[in-house]
Amino acid sequence: AVVLQMHTRLGPWPHIFEPREPLPGLSLRSPLLSLAEMHALKSCQHPQAEALPLEILDCLFSADETMESALDKLTRRAVELVADHAKVLLLTDRSATVSNPAIPMALALGAVHRTLIDAGVRAEVGLAVEAGDCRDIHHVAVLLGMGAGAVCPWLALETARALTPEKGEANALKALELGLAKVMSKMGISVVDSYRGA
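**Some points on the overall build of the protein chain**
- Broken down by element type, the protein chain carries six helices and six strands.
- When the helices and strands of the protein chain are listed from N to C terminus, the series reads β-β-α-β-α-β-α-β-α-β-α-α.
- Relative to its length of 198 residues, the protein chain is compact, with a C-alpha radius of gyration of 16 Å against a globular reference of 16 Å.
- Principal-axis analysis of the C-alpha atoms places the extent of the protein chain at approximately 50 × 50 × 35 Å.
- Buried residues in the protein chain amount to 44% of all 198 residues.
- Nonlocal contacts in the protein chain, meaning residues at least 24 apart in sequence, comprise 68% of its contacts between residues at least 6 apart.

What follows is the structure, given as structure tokens:
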């Protein structure tokens, strides 16, 4: 715990040739967001809201399209939003239904991350995810590796809160952070940002 740093920033990446420029983005104690923190991010109720325009990408597909066409539509939309000056893209599966199921978040995030790299705009935007299919430490680690700057495992947190209203969500977040630290310690890199998009 002494040598591992969970602190991260969400937003555009800093310019490596401008060391005196202020660091862009939202400073986060951890890449794991609580339900309240995710709500604040979505509703732009944070100090950097004006400097970090946020756009939401629903990661869904319908019965009349293939997964490939749904991903193509999602990635094209992501590039368009960055061209329109979005500084944070929030990928979410919250609105999934039986007729519009969710694209697996690792797949959606990886496709968006790769497409933004290919378009030459990945450093201009931060990626956050609100993922119902993120339930354990492995899922969190995979999402960070796929390019997420912040992760809210909303369904797991809501379940923990329902089971233990007073401390369930806080305990779940703490367990996920400790598990992520253990994964990082086995890899030997002590800064969580070094895993993003790795």
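**Quick look at the sheet that holds strand E4 (residues 88-92)**
- With parallel pairing, four strands are arranged side by side in an open sheet as E3-E4-E5-E6. Looking at the sheet topology across the chains shown, the edges are occupied by strand E3 (54-58) and strand E6 (150-152). Neighbouring strand axes in the sheet, compared pairwise and without regard to direction, differ in orientation by 20° on average.
- As judged from the five bridges shared by E3 and E4, these two strands associate in the parallel manner. Considered in E4, the bridge of Leu 54 is made with Val 88.
- The strands touched by helix H3 (residues 105-118) are E4 and strand E5 (126-130); relative to E5, the strand with the most contacts, the crossing angle is about 170°.

What counts and what doesn't
Sequence order as written defines residue numbering, which begins from 1 separately in each chain. Where totals are concerned, whole chains, interfaces and linings use all residues; where local detail is concerned, this predicted model gives features only for residues with pLDDT of at least 70, and gives and counts side-chain atom pairs only at 80 or more. Only heavy atoms go into the side-chain values, all of them from the structure, while hydrogens and water stay out. Numbering of helices and strands runs from the N terminus, with a helix taken as a DSSP run of H or I at least four residues long and a strand as a DSSP run of E at least two residues long. Atoms counted for the radius of gyration: C-alpha only. Globule rule: 2.2 Å times the number of residues to the power 0.38. Each residue is placed in one exposure class: buried if its accessible area under a 1.4 Å probe, protein chains only, is under 20% of its type's maximum, exposed if it is over 50%, and partly exposed if it falls in between. Residues are treated as being in contact if the distance between any of their heavy atoms lies within 4.5 Å. Two strands qualify as a pair provided DSSP detects at least 2 bridges between them. For helices, the axis comes from a line fit to the C-alpha atoms of the stretch in contact; other axes are also lines fit to C-alpha atoms, and the angle between any two N-to-C directions lies between 0 and 180 degrees.

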